[in-house]
Amino acid sequence: MASKEEEAQAPAAASAVQLTPSPKGSGRRLRGAVAHYLGTAIVSGRIAPGERLTGEVANAEALDVSRSAYREAVQVLTAKGLVESRPKAGTRVLPRSRWNMLDPAVLAWAFSGEPDLDFVRDLFELRAIVEPNAARLAAERRDKADIKAMKDALTKMRRYTLATEAGRAADRDFHDALLQATHNSTLIALSASIGAAVNWTTQFKQRARALPRDPLPDHARVFDAIVAGDADAASQAMRTLVDLALEDTRSAM
């Protein structure tokens, strides 16, 4: 339930938002397309917190989709904390503090346009808190399978580079393997969110030009420290990796 402060930011009497058609599709793909359209509009601020979407029938017609597809898309947004629907009150965009900002889809919507600088900073602050400590645990707990997974990911990053989807997938695999190497179930649960943050910031950095530098050596230093079982060195190497990635991202904004 929203706090009094949140309700003040999001008045119930907000005006309804008029929607425009989105690309057609079918089944789950159509539901995803509508959710992407609405989610992007909300996260970008085109539909602001507190604003109310017009009724299901009107919006389904405006988007040229079935009522069931629209309803399912709204359910997706509700599950991610972006909107809430109440009888008679309709569907209202919730305050930003209620959004599940670590959901991979929400991250994708945030980076579909020009992301907010404060949000980018928040993501890197999260990574700076989580990943150096995860690297420390990985250095202490990794096994042969963990080392192989990280090594394979580095090999693919070197082969394909981060300018390609295959290379970025390998980058996600490296960070995922590192979290897996902690053998801590709660840290491993962050894998999808950390991987999405890594992926979208990397794509964002090179949307207009090539990456300013090669981040592979930063990853290799983290890997070498983990293999050596040097927890302090692994933590510091990961801290440096995150700090340099933030500098690169800022230079691209």
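These numbers come from a predicted model, not from an experiment.

Peer 1: Would you take a moment to explain the environment of V43 for this structure?
Peer 2: With respect to the element layout, V43 can be found in helix α2 (residues 27-44). Expressed as a C-alpha distance, the spacing of V43 and M101, which sit 58 residues apart in the sequence, is 9.5 Å. Those residues within four positions of V43 in sequence are excluded, and the remaining contacts are L82, R96, W99, V106, W109 and A110.

Peer 1: How do you make sense of the pairing of strand β3 (residues 83-86) when you look at a structure like this?
Peer 2: Remark: a regular strand shows side chains that alternate across the two faces of the sheet. Note that β3 and strand β4 (residues 90-93) share four bridges and pair antiparallel. Bridging from a neighbouring strand, R86 pairs with G90 of β4.

Peer 1: How do you make sense of the pattern of salt bridges when you look at a structure like this?
Peer 2: Any two side chains of opposite charge can pair, given that their charged atoms come close. Taken as a whole and judged by the stated rule, the model has 16 salt bridges. In this structure, the salt-bridge partner of K80 is D103, at a minimum N-O distance of 3.0 Å. In this pair, K80 sits in the loop between α4 (67-79) and β3 while D103 sits in the loop between β4 and α5 (104-110), placing the two residues 23 residues apart along the sequence. The pair K80 / D103 is uniform in exposure class, with both members buried. R127 is the salt-bridge partner of E131, the closest N and O atoms lying 2.5 Å from each other. In this pair, E131 and R127 both sit in helix α6 (residues 117-141), four residues apart, roughly one turn of the helix. Accessibility assignment for this pair places E131 and R127 in one class, buried.

Peer 1: Sorry if this is basic, but what is going on with the packing of aromatic side chains here?
Peer 2: Describing an aromatic ring pair means giving the distance of the ring centres and the angle of the ring planes. Tallied over the entire structure, the rule returns two aromatic pairs. Centre to centre, the rings of F111 and F119 are 6.3 Å apart; their planes meet at 45°, and the pair counts as tilted. Looking at F119, the relative accessible area reads 7%, which means it is buried. Arranged with centres 6.0 Å apart and planes meeting at 70°, the rings of F111 and F204 form a pair that is edge-to-face. Of this pair, F111 sits in the loop between α5 and α6 while F204 is found in helix α10 (residues 191-205), placing the two residues 93 residues apart along the sequence. Residue classification places F204 among the buried positions, given a relative accessible area of 4%. Members of the aromatic cluster, joined through ring pairs, are F111, F119 and F204. Between the NZ or CZ atom of R96 and the centre of the ring of F119, over which it lies, the distance is 5.7 Å.

Peer 1: How should I be thinking about the packing of helix α8 (residues 165-180) against helix α11 (residues 216-228) in this particular structure?
Peer 2: Close contact between α8 and α11 brings their axes to 12 Å; oriented N to C, the two are set at 25°. Comparing the axis directions of α8 and α11 gives the class roughly parallel. Here α8 and α11 pass one another in a crossing that is left-handed. Within the contact between the two elements, α8 uses D171, F174, H175 and L178 and α11 uses H219, V222, F223 and I226.

Rules and cut-offs
Along each chain, residues carry numbers from 1 onward, in the same order as the chain's sequence is written. For this predicted model, a pLDDT threshold of at least 70 governs which residues receive local features, and a threshold of 80 or more governs which side-chain atom pairs are given and counted, while totals over whole chains, interfaces and linings are taken from all residues. Excluding hydrogens and water, the side-chain figures rest on all heavy atoms present in the structure. Secondary structure elements follow DSSP: runs of H or I no shorter than four residues count as helices, runs of E no shorter than two count as strands, and numbering proceeds from the N terminus. Residues count as neighbours in contact if any of their non-hydrogen atoms are within 4.5 Å of one another. Strands pair, by our definition, only if DSSP identifies at least two bridges between them. Just to be clear on terms, a salt bridge is a Lys or Arg side-chain nitrogen sitting within 4 Å of an Asp or Glu carboxyl oxygen. Remark: exposure states derive from per-residue accessible area (1.4 Å probe, protein chains only) relative to the maximum for the residue type, with buried under 20%, exposed over 50%, and partly exposed in between. Within 6.5 Å between ring centres, the rings of Phe, Tyr and Trp (the latter by its six-membered ring) count as paired, and their orientation is classed by plane angle as stacked under 30 degrees, edge-to-face over 60, tilted in between. The criterion for a charge sitting over a ring is simple: Lys NZ or Arg CZ within 6 Å of the ring centre, and within 35 degrees of the ring normal. To get an axis, fit a line to the C-alpha atoms, keeping to the stretch in contact for a helix; angles then go from 0 to 180 degrees between the N-to-C directions. By the definition adopted for this analysis, an angle is roughly parallel if under 35 degrees, roughly antiparallel if over 145, roughly perpendicular if from 65 to 115, and oblique otherwise. Handedness of each helix crossing follows the sense of rotation of the near helix against the far helix: counterclockwise by less than a right angle gives left-handed, clockwise gives right-handed.

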